[in-house]
Amino acid sequence: MEFNEKLQQLRKQKNLTQEELADSLYVSRTAVSKWESGRGYPNIDSLKAISKLFSVSVDELLSGEELISLAETESKENAKSFSDMIFGIFDCTMALLLFLPFFGQQGDGMIYTVSLIALTDEPNYILVPYFVLVSLTVVFGIAILAFQSFPNRIWAKSKLPVSLMLSILSVLIFISTRQPYASVFVFCLLIIKGVLLVKQR
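One structure accompanies this document, and this report is about it. Source: prediction; values computed, not measured.

**Quick look at the packing of aromatic side chains**
In the structure shown here, the tally under the stated rule is 6 aromatic pairs. Within the aromatic cluster, the residues linked to one another by ring pairs are Phe-103, Tyr-130 and Phe-174.

**Regarding the packing of helix H1 (residues 3-13) against helix H4 (residues 44-54)**
Contact geometry for H1 and H4: axes closest at 11 Å, N-to-C directions at 40°. The angle between H1 and H4 places the two elements in the oblique class. Note that H1 runs across H4; the crossing there is left-handed. Contacts between H1 and H4 pair Phe-3, Leu-7, Leu-10 and Arg-11 from the former with Leu-47, Ile-50 and Phe-54 from the latter. Here the contact of H1 with H4 is composed, by residue class, of 6 nonpolar, no polar and 1 charged.

**Let's talk about a nonpolar patch on the surface**
There is a patch of nonpolar side chains on the surface, built from Phe-82, Met-85, Ile-89 and Leu-145 and spanning about 320 Å² of accessible area. For the nonpolar patch, the leading source of residues is helix H6 (residues 64-92), giving 3 residues. With respect to the helices and strands, Met-85 occurs in helix H6.

**A closer look at the pattern of salt bridges**
Inspection of every chain in the model, using the stated rule, returns 4 salt bridges. The partner of Arg-11 in a salt bridge is Glu-36, with the nearest N and O atoms 2.5 Å apart. Remark: Glu-36 occurs in helix H3 (residues 29-36) and Arg-11 occurs in helix H1; sequence separation between them is 25 residues. With a relative accessible area of 10%, Arg-11 lands in the buried category. What makes Glu-36 buried here is its relative accessible area of 5%. Lys-193 is the salt-bridge partner of Asp-91, the closest N and O atoms lying 2.4 Å from each other. Residue Asp-91 is found in helix H6, and its partner Lys-193 is found in helix H10 (residues 180-200); the two are separated by 102 residues along the sequence. As far as the burial class goes, Asp-91 and Lys-193 line up, both buried.

Basis of the calculations
Residue numbers here run from 1 along each chain, matching the order of that chain's written sequence. Only residues with pLDDT of at least 70 get local features here, since the model is predicted, and only at 80 or more are side-chain atom pairs given and counted; chain-wide, interface and lining totals rely on the full set of residues. Side-chain figures throughout are based on the complete set of non-hydrogen atoms in the structure, without hydrogens or water. Each Phe, Tyr or Trp ring (for Trp, its six-membered ring) is paired with any other whose centre lies within 6.5 Å, and the angle between the two planes then decides the class: stacked below 30 degrees, edge-to-face above 60, tilted in between. Axes here refer to lines fitted to C-alpha atoms; in helices the fit is confined to the stretch in contact. Angles between the N-to-C directions go from 0 to 180 degrees. Runs of H or I in DSSP of at least four residues are treated as helices and runs of E of at least two as strands, each being numbered from the N terminus. Here the word oblique covers every angle except those under 35 degrees (roughly parallel), over 145 (roughly antiparallel) and from 65 to 115 (roughly perpendicular). Left-handed describes a crossing whose near helix is turned anticlockwise from the far helix through less than a right angle; right-handed describes the clockwise counterpart. Whether two residues touch is decided by their heavy atoms; if any such pair falls within 4.5 Å, the residues are in contact. Each residue gets one label: Ala, Val, Leu, Ile, Met, Phe, Trp, Tyr, Cys and Pro are nonpolar, Asp, Glu, Lys and Arg are charged, and the others, such as Gly, are polar. Here a patch means residues that are over 30% exposed by relative accessible area and free of salt bridges, tied together within 9 Å if like-charged and within 5 Å if nonpolar (Val, Leu, Ile, Met, Phe, Trp, Tyr). To be clear on the numbers: accessible area is Shrake-Rupley with a 1.4 Å probe, and residue cover counts the displayed protein chains and nothing else. Within this document, salt bridges are pairs made up of a side-chain nitrogen of Lys or Arg and a carboxyl oxygen of Asp or Glu, the two lying within 4 Å of each other. Summary of the burial criterion: residues with accessible area below 20% of their type's maximum are buried, those above 50% are exposed, and those between are partly exposed, where the area comes from a 1.4 Å probe applied to protein chains only.

Below is the structure:
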């Protein structure tokens, strides 16, 4: 008997509806419906809660193959969650450009390094894209951290590529406007993001 059939049988033996079972496990009714229809497995914590609720062992709930499959899925999800967190943190660190001296500025016949906020000798058509890109990247980083588990396919598939594209665009703009320190800083973040994305696949 497969896990979905066992779960359904155990639930019915206790005269519980899917909604009542979901409330007992602190999950959504949709999650229980998904498990019972064989379209997925609960995570380790939910599995332990099911085992405790119905007084059965985890081994009785899942076969060896199902346990291996669950462990692999859990491992992939953990790796993805870690990548999301790193991408979000790196995007938020772009805020350092606002306060640390990463930009070159001429004054008194010398070139000084200043923060983006203190940068005044660049024309508006250069400064505006700087501020827009940095602000957009930081806001996007906060969104990645805040909505890591947001159940939306478009968001799940696009958040890391968009973060990567924002970094690439920042590097290109800083290089084209001759800001080497800012370019190197963002390029280092971009390389680490790229490595994480490749490992995740």
